[in-house]
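Each chain is listed here by its residues.
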Amino acid sequence: MSGVIVAMRRTLLSCTSLARNGLVGLAASLASFAPAHAGDLPLLQAISPFFDFNRQEIAVLTTALALLGFSVVAAILLMRTRVRAARSEARLHSGIQDLQFQADRFRALLFAEPQILISWAAGDNRPQISGDTSLLMSQDYQQPSPLRILAFGTWLPPEPALQMDHAVDALREAGEGFLLNLTTSNGHSVEAMGRAIGGQAIVRIRELSGLRKELAETNLRLNALSEETEMLRGFAAAAPWPIWAKHAKGGLSYANAAYARATEATGAADAIDRNLELLDSGNRGEMDRALNDAAGFNARLPIVVGGERRIYDVHALNVRGGSVGIAIDASEATALSAALVRMAEAHRRTLDQLSSGVAVFDAQRRLAFYNDSYRRLWDLDRAFLDGNPDDSSVLDRLRAARKLPEQPDFRAWKAKLHEAYRAVEPAKDTWYLPDGRAVSVVTTPNPEGGVTYLFDDVTESLDLARRFDGLIRVQRETLDNLAEAVAVFGSNGRAQLFNPAFAKMWKLSPEALREQPHIETVEAWCKPLFDDANTWRTIREAVTAIENRVEVPLKLERKDGSVLDCMTMPLPDGATMLTFQDITDTENVERALRERNEALETADQMKVDFVHHVSYELRSPLTTIIGFAHFLSDPITGPLMPKQAEYLGYITASTNALLAIINNILDLATIDAGAMSLNLGSIDIRKTIEAAAEGIQDRLATDRIQLKVDVDPNIGSFVGDERRVVQVLYNLLANAVGFSPQDATIGLSAMRTEHSVIFTVTDSGPGIPPDVKDKVFDWFESHSHGSRHRGAGLGLSLVRSFVELHGGKVRVDSIVGKGTTVTCDFPIDQAAHRNAAE
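Help me understand the environment of Gly574, please; the structure alone is not making it clear to me.
When you line up the elements, Gly574 lands in the loop between β19 (563–570) and β20 (576–582). Gly574 sits 85 residues away from Phe489 along the chain, and the two C-alpha atoms are 9.1 Å apart. Once residues lying within four places of it in the same chain are set aside, the contact partners of Gly574 are Gly490, Ser491 and Arg549.

Here's what the structure looks like:
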């Protein structure tokens, strides 16, 4: 305050000095002004008629008047100045007192509550600190130093202290104000406010208490609420789901961009102005009713968006003055949920089809799933399983039914089994049940908790394993005792298995073979006995081949004179089995038999050639005899005596029989040579039978034998060589007549099937013994069996040859003492037979 008074006094003195200087200046101005303009002054001109003054006197008088006026003006100004100075001093004194009073009052108001003021003058780093500093310190620092106050970390936690440092630096450097609510290290809530005032940086720190604290907290909450509101508005605007708000009357008051797109509006404002609805009337009415009855509405509803029907989860909530809602696209979730349900059902169906029993227990050890194989394996009641029993209850029931392995300490056994609920890796065990079954049990801990049990009845598997082991031992013994040499080479070309015969046959060391040598090594060991490079290359390729693995038969003639029959057999596992059999004796016998067979074939061919040649040679003179016999029997040659006619009849009958035999021999020889060809054409079956029957009418009459023909009138025809078919039927009828007694009956029948025509000839003769039955179709085989039949034994041979040449079959059925039946089966379509034969 004293500084202010001194300043005011200095100002007053300055004003007085200025007033004096002004008066002096005014006087000088008048003095300089009077002489220059004395002649022009109107006053002097006015009084000049009354006073007779000369110019000099007038000048003196003017000067005197000017001095007088100046003195008067100066005196007046001086008096006014003094009066004003006195008044200013009084006002200044009063103002100083007022300022002092106001300063005291402001100071009292300023420090009426605990607070601290810290100020920095412009360009000055020394702060001025005033106020109650005790609020910042604990009891150990009741009177802190200014430096301790400015070290914010001494009375603030690290994070608020750093925030305060940054705010003060920004205030001093850039004049940026701040307002911070802080909590000191001793738990006080303080407000720190910084402002730039009058070129100074001022920081005020005061404690928040009472109403001010509540206002500050309210302000903070309002700020947080405002930030939260802005954040929510931004979220709602950017959210991909339609969000809306309605006022109490039901009109749309807010909509985001997604809502506008869903309702095909140009924007949110357009949707609000037009009051566009997202839901259809039915769903909207349901939502309004739900909001009237309750505080919220939740439903999964179909909504048409962009011309596509999609599923949305609609959530609406009553709020003060209206309601808000959101629609979340659940189409993919719905599809995934449906797919998950289908997948779960498919898994259930798949597990139900498994032969293995599956039981899944959840984290609470209760049965969550089982398949039908599990129920059937343990013969458990479905109602019991559907009640989701716990694991212990299931085991107790199985134990009560004596379906679990007998245990001396069942509780300890069960506890050990239940360790699977705390395990990480699956465990496997085999239970041997009292009923003789063996069950494989796999316990697998589930990631979400619980255990999955997998039960497999391995009784048959174990039995098969035991039998397999037995078979392996039997196989080993069998191989070891085989006369054939056997060796098995793996896909890598190394010997995996061999029998003693293999080592003995090739004079190899069993110990060396047990080292699994390669086929090339075995080849090198065997070359002293057999060194054919081509054969060994074939064996190597068969052992090491990957594709085109086939059996390869080989014959090896070794240097010691022995002959081996070799076979490479590819095995399913990629290995190859080599078998060697000593066929030296067999080869010698086969060679001898082959030579003998060749000799027999040569002799047989010579016989056929001889018969063929002789038949032709006999046919020529026989034809001459037959011709002359016919010539002699002709009446134009002259009459014959009865005896001559009788003898000529004998000659004719004998020559005809001999010609038939020769023709049959020639036919058989032609067929045997493969030179016989059929003259195919349509054969009328009834006419063919009549032609064959006509040829034996004289023999039927001589032996009083009746022929019974059984043919369907509509049997039709088939394709064949008519002459040869007639010859077949004639030979069969002649054979039947020859073996039938007098006054007997022979039968000839024909029937048609889909693919063939079947002729059957039946007689009631003595029949054919079993030891002769297989020879009746051979050449020159003729057996009378007590009958009147005499012949060359060529008839049935021709029958079989002609029928087989047509592609048919001949069958003989005979019972000794009851007769014989011969059946010939001719195919209907000879073209199909020829194609099949080709």
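Sorry, what's going on with the layout of surface pockets here?
Empty space left among the atoms is revealed by rolling a probe the size of a water molecule over them. In this model, the second largest pocket occupies a volume close to 470 Å³. Those elements that place two or more of their residues in the lining of the second largest pocket are α6 (210–238), β6 (243–247), β9 (308–319) and β10 (322–329). Tallying contributions element by element places α6 first for the lining of the second largest pocket, with seven residues. Its residues assigned to classes, the lining of the second largest pocket shows twelve nonpolar, three polar and two charged.

Is there a simple way to think about the confidence of the model for the protein chain in this case?
Regions with low pLDDT carry predicted coordinates that are not meant to be interpreted in detail. For the protein chain, per-residue confidence averages 77 on the pLDDT scale, and 78% of positions sit at 70 or higher. Here residues 1–53 is a poorly scored stretch, pLDDT under 50, and it has 32 contacts once near neighbours within four places are set aside; other chains count.

I'm lost on unusual backbone geometry in this one. Help?
If a residue is not glycine, its phi is most likely negative; likewise, a peptide bond is most likely trans. Of note, Arg365 is a non-glycine position whose phi angle comes to about 65°, a positive value. Residue placement: Arg365 occurs in the loop between β11 (357–361) and β12 (367–370). Positive phi is not limited to glycine here, since Asn388 has a value of about 55°. Relative to the helices and strands, Asn388 is located in the loop between α12 (382–386) and α13 (391–400).

What should I look at first to understand the sheet that holds strand β2 (residues 127–131) in this one?
What links the strands of a sheet is backbone hydrogen bonding, and the strands pair in either a parallel or an antiparallel sense. Spatially, β2-β1-β5-β4-β3 is the arrangement adopted by the five strands of the open sheet, whose pairing is antiparallel. Sheet topology places β2 and β3 (178–183) at the edges, where each strand pairs with a single neighbour. Strand-to-strand twist in this sheet, taken as the mean axis angle between neighbours without regard to direction, amounts to 15°. In this structure, strand β1 (residues 115–120) lies alongside strand β5 (residues 200–207), joined through six bridges in antiparallel fashion.

Looking at this structure, I do not really get the packing of helix α22 (residues 685–694) against helix α24 (residues 722–739). What am I missing?
Pairs of packed helices are described in terms of their axes, by the angle between the two and the distance that separates them. Two numbers describe how α22 lies on α24: the axes approach to 8 Å, and their chain directions differ by 50°. In terms of orientation, α22 lies oblique with respect to α24. Remark: the crossing between α22 and α24 carries right-handed chirality. Contacts between α22 and α24 involve Thr688, Ile689, Ala691, Ala692 and Ala693 from the first element and Glu722, Val725, Val726, Leu729, Tyr730 and Leu733 from the second. Residue classes in the contact of α22 with α24 are distributed as nine nonpolar, one polar and one charged.

Even after reading the chapter, I still don't get the packing of α13 against helix α14 (residues 410–417), so can you show me in this structure?
Running from amino to carboxyl end, α13 crosses α14 at an angle of 140°, the nearest separation of the two axes being 12 Å. On the basis of the axis angle, α13 is oblique to α14. As for the relative orientation of α13 and α14, their crossing is right-handed in sense. Where α13 abuts α14, its residues Ser392, Leu395, Asp396 and Arg399 lie against Phe410, Lys414 and Leu417. Class assignment of the residues belonging to the contact of α13 with α14 gives a composition of three nonpolar, one polar and three charged.

About the thresholds
Residues numbered from 1 in each chain as written. Predicted model: local features only at pLDDT ≥ 70, side-chain atom pairs only at ≥ 80, totals over all residues. Heavy atoms only, no water. Helix = DSSP H or I, 4+ residues; strand = E, 2+ residues; numbered from the N terminus. Contact = heavy atoms within 4.5 Å. 1 Å grid on protein atoms, 1.4 Å probe; cavity = no way out; pocket = protein on both sides within 12 Å on 5 of 7 lines; lining within 4 Å. Points joined across faces, edges and corners; volume = space filled by probe spheres on them. Nonpolar A, V, L, I, M, F, W, Y, C, P; charged D, E, K, R; others polar. pLDDT = per-residue confidence, 0-100. Pairing = 2+ DSSP bridges. Axes fitted to C-alpha atoms, helices over the stretch in contact; angles between N-to-C directions. Parallel < 35°, antiparallel > 145°, perpendicular 65-115°, else oblique. Left-handed = near helix turned anticlockwise from the far one by under 90°.

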